[in-house]
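Coordinates in review
Residue-level listing of the chains:
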Amino acid sequence: MKPFKPLKLPLEGKIDQLKFVNELVEASTNVGKYQIMLRNSKINSDFLINPLILQEAVQSTKIEGTQVTLDEVLESEIDEKERNEDTQEVLNYYEALKYGERALKFLPISTRLFKDLHKILFSGEVRGSSRQPGEYRKIQSFIGPEGCTIETASFVPPEPQLVDEYMSNLEMYINEPEDDLNHLVRIAIIHAQFETIHPFLDGNGRIGRILIPLYLYNYKVIDSPNFFISETLEKDKHKYYKLLNDTRFNERWNEWIKFFLQSVNKQAKGNIKLIEDINNLYERDLEVAMKLVKSNNIVKIINAMYQKPIFNVKTMVNITGISDTTCRRYLDELERNNIIFSDNKFRNRKYYYYNLLDLLR
């Protein structure tokens, strides 16, 4: 196969909005509902976002073949001895996304931001850490099954000397679009174009998926980078890759956009149900906890459990500001009544809030 030469953006005459108008209306409506539910949640949305981002990081790295669970990542956060290559990849993804949120206050979505995110994604001893972190590729890459050659690859991205030109065009489209498309449609196009350019030697899928919530946040479609579709894409990953390839070889952009919007809508509806369930759980367990412990400090403990559903006493002290002794007393009471469970270790005991973990997994 020869290196592919993508169309430049905007896609003149390639988009027919009538082919996905229903999907766009439904996706926009449900993303909006999800944002309203987050704002009105009984729990501070900042507490909820932390485990949601970690779950996104797990799902996005899973698409790339990493095998790690949310529980393992949460455990590795409080005990570095349990950290391995897979959990570090997930934590790097989390850090990259959080950095992106902060960086948008002083940076546009641009080459500098992409390279910064990439450098964070490959920091530490993780797979790909020797493959030019933070730099666009200088050699030809290709995509296909493990062990394939460039001759048997399913896709060969543009030649390396064209990467800067195509990325400059993508940046221009992101920041100064010349079409009248909805932002959900635009990010479908942007994500596909980024994956087609394949600017890095490794990590393009993850950076491209981080780009989705950052773009929507940048254009105020969502209140924070809190909307992720990696879970839905992972379930349909073969369809995801096939339709991406169809934008390249067959220019089937409308089919890709329709699939992307359907994925957004599925995820939004799932998120709405998740927030409903979490609100009900919070109300129920807080009521029980307040009967067990006659102190307003128990509210701080319960709130912290939504931020870190796997924790130790040190984590709880740092989040709540409650003394070590008081924390232990409250946690013992919650454990006796089966609200939380521990691993019963004498040192560095971990506590698990399974009621929430079961909803997040």
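For clarity, every value in this text was computed on a predicted model and none was experimentally measured. (Residues numbered from 1 in each chain as written. Predicted model: local features only at pLDDT ≥ 70, side-chain atom pairs only at ≥ 80, totals over all residues. Heavy atoms only, no water.)

1. Here's the deal with the UniProt feature "site: Important for autoinhibition of adenylyltransferase activity" (unreviewed entry) in the protein
Under the local residue numbering, the UniProt record ascribes the feature "site: Important for autoinhibition of adenylyltransferase activity" (unreviewed entry) to Glu64. Tracing the sequence through the fold places Glu64 in the loop between helix H2 (45–63) and helix H3 (70–78). With relative accessibility at 38%, the residue Glu64 sits in the partly exposed group. (UniProt positions renumbered as here; feature names shortened; annotations may be inferred. Helix = DSSP H or I, 4+ residues; strand = E, 2+ residues; numbered from the N terminus. Buried < 20%, exposed > 50% of the residue type's maximum accessible area, 1.4 Å probe, protein only.)

2. So, the pattern of salt bridges
Inspection of every chain in the model, using the stated rule, returns 21 salt bridges. Between Glu26 and Lys269 there is a salt bridge, with the nearest N and O atoms lying 3.8 Å from each other. In this pair, Glu26 is assigned in helix H1 (residues 21–39) and Lys269 in helix H11 (residues 253–292), connecting sequence segments 243 residues apart. For Glu26, a relative accessible area of 39% gives the class partly exposed. On the basis of relative accessible area, Lys269 is assigned to the partly exposed category, the value being 43%. Overlapping salt bridges, with partners in common, bring together Asp71, Asp358 and Arg361 in one network. (Salt bridge = Lys/Arg side-chain N within 4 Å of Asp/Glu carboxyl O.)

3. Some points on the packing of aromatic side chains
Enumeration over the complete set of coordinates arrives at 16 aromatic pairs. When the centroid spacing of 5.3 Å and the interplanar angle of 75° are considered together, the rings of Tyr282 and Tyr306 count as edge-to-face. Placement of the pair is Tyr282 in helix H11 and Tyr306 in helix H12 (residues 297–307), with a sequence separation of 24 residues. The exposure class assigned to Tyr282 is buried, which follows from its relative accessible area of 7%. Put simply, the rings of Tyr240, Tyr241, Trp256, Phe259 and Phe260 touch in pairs and so form one group of aromatic residues. (Phe/Tyr/Trp six-rings, centres within 6.5 Å; stacked < 30°, edge-to-face > 60°.)

4. Describing the layout of surface pockets
Gaps between atoms show up when a probe of the same size as a water molecule is rolled over them. A volume near 1200 Å³ is recorded for the largest pocket. Looking at the largest pocket, it is lined by 35 residues, and the ones nearest its centre are Glu64, Phe142, Ile143, Gly144 and His198. Of all elements in the fold, only helix H8 (204–218) and helix H10 (237–249) reach the threshold of two or more residues within the lining of the largest pocket. When residues in the lining of the largest pocket are grouped by element, the largest group, seven residues, is from H10. Here the residues of the lining of the largest pocket are counted per class, giving 11 nonpolar, 13 polar and 11 charged. Every residue lining the second largest pocket is counted, 21 residues in all, and those nearest its centre are Gln55, Glu231, Gln267, Asn271 and Leu274. Ranked by the residues each element gives to the lining of the second largest pocket, the list is headed by H11, at five residues. Classifying every residue of the lining of the second largest pocket gives seven nonpolar, eight polar and six charged. (1 Å grid on protein atoms, 1.4 Å probe; cavity = no way out; pocket = protein on both sides within 12 Å on 5 of 7 lines; lining within 4 Å. Points joined across faces, edges and corners; volume = space filled by probe spheres on them. Nonpolar A, V, L, I, M, F, W, Y, C, P; charged D, E, K, R; others polar.)

5. Here's the deal with the UniProt feature "domain: Fido" (unreviewed entry) in the protein
The positions UniProt marks with the feature "domain: Fido" (unreviewed entry) are residues 109–262. When the span residues 109–262 is considered, its composition is 54% helix and 0% strand, and the gap between its end C-alpha atoms is 25 Å.

6. Section: the sheet that holds strand S1 (residues 310–311)
Strand order in the open sheet formed by three strands is S1-S3-S2, with antiparallel pairing between adjacent strands. At either margin of the open sheet sits one strand with a lone partner, and together these are S1 and strand S2 (341–342). As defined by bridge partners, S2 adjoins strand S3 (residues 351–352) across two bridges and the pair is classed as antiparallel. Bridging across to S3, Phe341 finds its partner in Tyr352. (Pairing = 2+ DSSP bridges.)

7. Points about the domain arrangement of the protein
Per the domain assignment, the segments making up the protein are domain 1 (18–273) and domain 2 (293–360). Opposite the 15 residues of domain 1 that make contact, domain 2 presents 14 residues. With both chains or domains summed, domain 1 and domain 2 bury close to 1400 Å², and 63% of this area falls on carbon and sulfur atoms. When residues of domain 1 are sorted by the area they lose upon contact with domain 2, Phe47, Leu74 and Ile78 head the list and together hold 40% of the total. The interface formed by domain 1 and domain 2 includes one salt bridge. Note that Glu77 is salt-bridged to Lys308, the shortest N-O span being 3.2 Å. Breaking the side of domain 1 that touches domain 2 down by element, the ones donating at least two residues are H2 and H3. For the side of domain 1 that touches domain 2, the residue count by class is eight nonpolar, two polar and five charged. (Domains from an automatic or database assignment. Contact = heavy atoms within 4.5 Å. Buried area = accessible area lost by both parts, 1.4 Å probe.)

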